[in-house]
Amino acid sequence: MRRDIASGMLAYRPEIDGLRAVSVALVILFHLGVLFIPGGFVGVDVFFVISGYLITGILARELGAGRFSLLSFYDRRICRIFPALLAMLAVVLAAGPFLLMPGDFEATARSAVWAAASASNFFFWFNTGYFDQASDLMPLLHTWSLAVEEQFYLVWPLVIWASFRLSGGRRGVVLVVSLALAAASFGMSLYAVATDGRQAFYSPWSRTWELALGGGLALAPMGLLAKAKRYGNWIAGVGLALIVVSALMLRKDMDFPGWRALPAVIGALCVLAPLQSGRVYSILSTPGAVFIGRISYSLYLWHWPIIVLYRHYNLGMPPGAIDGAAILAASVTASWLSWRFIEQPARHSPFPKFANIGAGLATACAMMLVGAYVVRAGGFPARIPPSTASLMSLDEMWKWDCRQERVMPGWPANSYCILGADWETAKIKGVLTGDSHAEHFAPLLDVAAKEAGISLAFYKACMPLVGTTSIKRVLAQMPTYTHYCTEVSQPLVNYLRGAKDISLVVVAAAWSAYPDSLYRDDPSERSREKALRLMAEGIDELMQTVAAPNRRALIIGDVPIRLGYDLGCIVTEESMIFRRHCAPDMFKTPRAWVRKFQEQAGSVIESVPARSAAASSLMPGQNMCDSDGCSTTLDGEFLYRDAGHLRRNLPLNIRKKLAEKIGLKEALLKAADLPLVSKAE
């Protein structure tokens, strides 16, 4: 079937729908956790190339025929994108009260506001960090790619139109402009990959090159394409292979996009090149592939919320094989219904262009208002019992008010939290430093240090070995992590060198999370065995860095890791939030699970005193676990914020009991080389 060229539409090519089917299949398999497709996210990059190719082809045809209309272009884009997108947003917000905790519902509604505004990529850019809600539990995370496309559609028609007009309609000039912009964007992508992983992934300027290269193919000279037709099947075959190999070889912990996206992008260009002939095109044009390709937009829209909402129901756990098959069937069914009853009627709207655009924008604004209302309501916390209100969100569970603060000489201008005894009158003064695990111990150290008569100034930094020793760390989302940590940690190092009154340094970190990412010289030679050795060497080096006469150190190990599903069990019985059945043993983490993830790093921490006479170590897990496992509750109070962090908003009586259970006071006194004083005394 061919459409009227004068209307600006390109000749229909069924193999493009087949390529869409491949792309969306890769994305869905990746999202379902299929192990042999670790790089299925490249399906999104293929979609970008397809979009750039089709949109630029339409613009070129319309400009060449003298029928280009910006109003008509935006009318088509809004009718194509908005109806199904806004319907999906409405369903997710409607399901939120029944499946999401208040904090999760508020975060989802906030992302819905940005998605309706075609800007959710910016929301996820700034809200998918280490300490935010897990990105794989955000129902609208996938809308980031739609936002990038929508932002491209706002600017690209103007670029092509201006290039066409200024060049007198010379197609070659427009092609050069497209390729120049692609090159500039690719350069930005490479720079962002090297400096800020989240920016590289979510920002439009580091993704535009993929769409612009698709546009460049649509503008390529027909003579050049005609010469390549005899090799069309081979070119398409190589292209399809590049896409599949990328999906098989890439992993989500790698720097991306940058040069690692090139094979999939080049592969998409090879398949899209209008050389259609041969077996590859026949395979991509089969009825099944074409069907999936036609519903691919709706399939992309609906599959992810279904997966994520199921995971919330399933207490955060990913689906198994049977559940995954059911999710896939539900996704295809919902997508066909969306395509048949929302997409198709909207694309053939009988209403005038102004009416379509106005209705689309008005509905998007209405959706933004609904999302804003949910945000303002805090996700409707009344849905859960008052007894569990302190668990309503990650932010809520991290709240804790420091009792005393002071400006520390030589530290960056700020007020710093003082834990324990009064700083001015304390007999023992010390410093607490480390990453977020130092933060989660702060409320417990506050009560323990106060009982021990010790005062600790809290300096929040990074992984303690990075920036203070020769150890470096690879972090995909933050390629400059080592440099950043050096800058952050240096003021503390300088302070400790001259602070004769600091007799205790307490260090806490997520030790078990680091071994796979540590190196000294060559990051490509990382291994867990080497990293564990480096961790031991780094701690020894750190002890030398902070050493001073009459100064001792305390290294605090990890709390036991917890399984990710027991928080939902606490609220399900007394709330309107649906969760699957919770077995009683879900409130304990098996010892085998803890050993698997923490034993090796824990052994390194436990061995510190044998290597440094001025250092001692505390292993919290030894007192939080018994033969049955490691408990996540104490006197009925749930202790954890997430898999590895304790709650900071624990009631005072629980903080005292937990600090005593862990043995913090005794560890502080031992580290400070003071006699243990009983409570009675």
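Residues numbered from 1 in each chain as written. Predicted model: local features only at pLDDT ≥ 70, side-chain atom pairs only at ≥ 80, totals over all residues. Heavy atoms only, no water.

**Examining the pairing of strand 8 (residues 552-556)**
Here is the rule: Using a 1.4 Å probe on the protein chains alone, a residue whose accessible area is under 20% of its type maximum counts as buried, one over 50% counts as exposed, and one in between counts as partly exposed. Segments assigned H or I by DSSP are reported as helices when at least four residues long, segments assigned E as strands when at least two residues long, and all are numbered from the N terminus. Here, any two strands with at least 2 DSSP bridges between them count as paired.
Burial within strand 8 is extensive, with four of its five residues counted as buried. One ladder, built from five bridges, connects strand 6 (residues 502-508) with strand 8; its direction is parallel. Directly across from Leu504, in strand 8, lies its bridge partner Arg552. Sheet topology places strand 8 next to strand 10 (residues 615-618); four bridges connect them, and they run parallel. Paired with Ile555 across the strands is Ser617, a residue of strand 10.

**Looking at the pattern of salt bridges**
For the record, the criterion: Here a salt bridge means any side-chain nitrogen of Lys or Arg lying within 4 Å of a carboxyl oxygen belonging to Asp or Glu.
Per the counting criterion, the structure on display carries 22 salt bridges. A salt bridge links Glu424 to Arg406; the shortest N-O distance between them is 2.6 Å. Highlighted residues: Glu424 in the loop between strand 2 (416-420) and strand 3 (428-434) and Arg406 in strand 1 (residues 404-406), separated in sequence by 18 residues. When its relative accessible area of 25% is taken as the criterion, Arg406 is described as partly exposed. Residue Asp642 pairs with Arg641 through a salt bridge whose shortest N-O separation is 2.8 Å. Judged on exposure class, the residue Asp642 and its partner Arg641 are both buried. Beyond isolated ion pairs, a larger network of salt bridges with shared partners links Asp17, Arg20 and Arg294.

**Focus: the sheet that holds strand 8**
Selection rule: Only the stretch in contact is used when a helix axis is fitted, and all axes are lines through C-alpha atoms; the angle between N-to-C directions ranges over 0 to 180 degrees.
Reading across from one edge, 1-2-4-3-6-8-10 is the order of the seven strands in this open sheet, with mixed pairing throughout. Of all the strands in the sheet, the pair left with one neighbour each is strand 1 and strand 10. Strand after strand, the sheet turns through a mean of 30 degrees between neighbouring axes, direction not considered. Strand direction decides the pairing type here: strand 1 and strand 2, joined by three bridges, are antiparallel. Bridge pairing links Gln404 to Ile418 in strand 2.

**A look at the environment of Leu394**
Along the chain, Leu394 falls in helix 18 (residues 394-397). Spatially, the C-alpha atom of Leu394 lies 6.5 Å from that of Arg641, the residues being 247 residues apart in sequence.

**Focus on the state of the cysteines**
Applied cut-off: Here, two cysteine sulfur atoms that lie within 2.5 Å of each other are counted as a disulfide.
This model, assessed by the stated rule, comprises three disulfides. Put simply, Cys462 and Cys485 are joined by a disulfide, and their sulfur atoms are 2.4 Å apart. Taking the sign of the S-S torsion, -105 degrees for the link of Cys462 and Cys485, the bridge is left-handed. With Cys462 in the loop between strand 4 (454-460) and strand 5 (472-473) and Cys485 in helix 20 (residues 481-498), the pair connects residues that are 23 residues apart, well separated along the chain. The burial state of Cys462 is the same as that of Cys485; both residues are buried. The side chain of Cys625 participates in a disulfide bridge whose partner is Cys630; the two sulfur atoms lie 1.9 Å from each other. Its S-S torsion of approximately 100 degrees makes the covalent link between Cys625 and Cys630 right-handed.

**Here's the deal with the confidence of the model for the protein chain**
Filter applied, for reference: Confidence of the predictor at the level of single residues is given by pLDDT, which spans 0 to 100. In what follows, residue pairs with any heavy atoms lying within 4.5 Å of each other are defined as contacts.
When the pLDDT values of the protein chain are averaged, the result is 90; 96% of them are 70 or greater. Ignoring residues within four places in sequence, the model shows residues 1-9, a span with pLDDT below 50, making 14 contacts including any to other chains. For residues 675-681, every residue scores under 50 in pLDDT, and the model assigns this stretch eight contacts once sequence neighbours within four places are set aside.

**Focus: a nonpolar patch on the surface**
Heads up, the condition is: Each patch is built from residues lacking any salt bridge and having more than 30% relative accessible area; the joining distance is 9 Å for like charges and 5 Å for nonpolar side chains (Val, Leu, Ile, Met, Phe, Trp, Tyr). Only the protein chains shown count as cover for residues, and all accessible areas are computed by the Shrake-Rupley method using a 1.4 Å probe.
A cluster of nonpolar side chains, namely Phe36, Val244, Val245, Leu248 and Met249, defines an oily patch on the protein surface of about 490 Å² accessible area. Positionally, Met249 belongs in helix 11 (residues 232-249). The class of Met249 is exposed, set by a relative accessible area of 59%.

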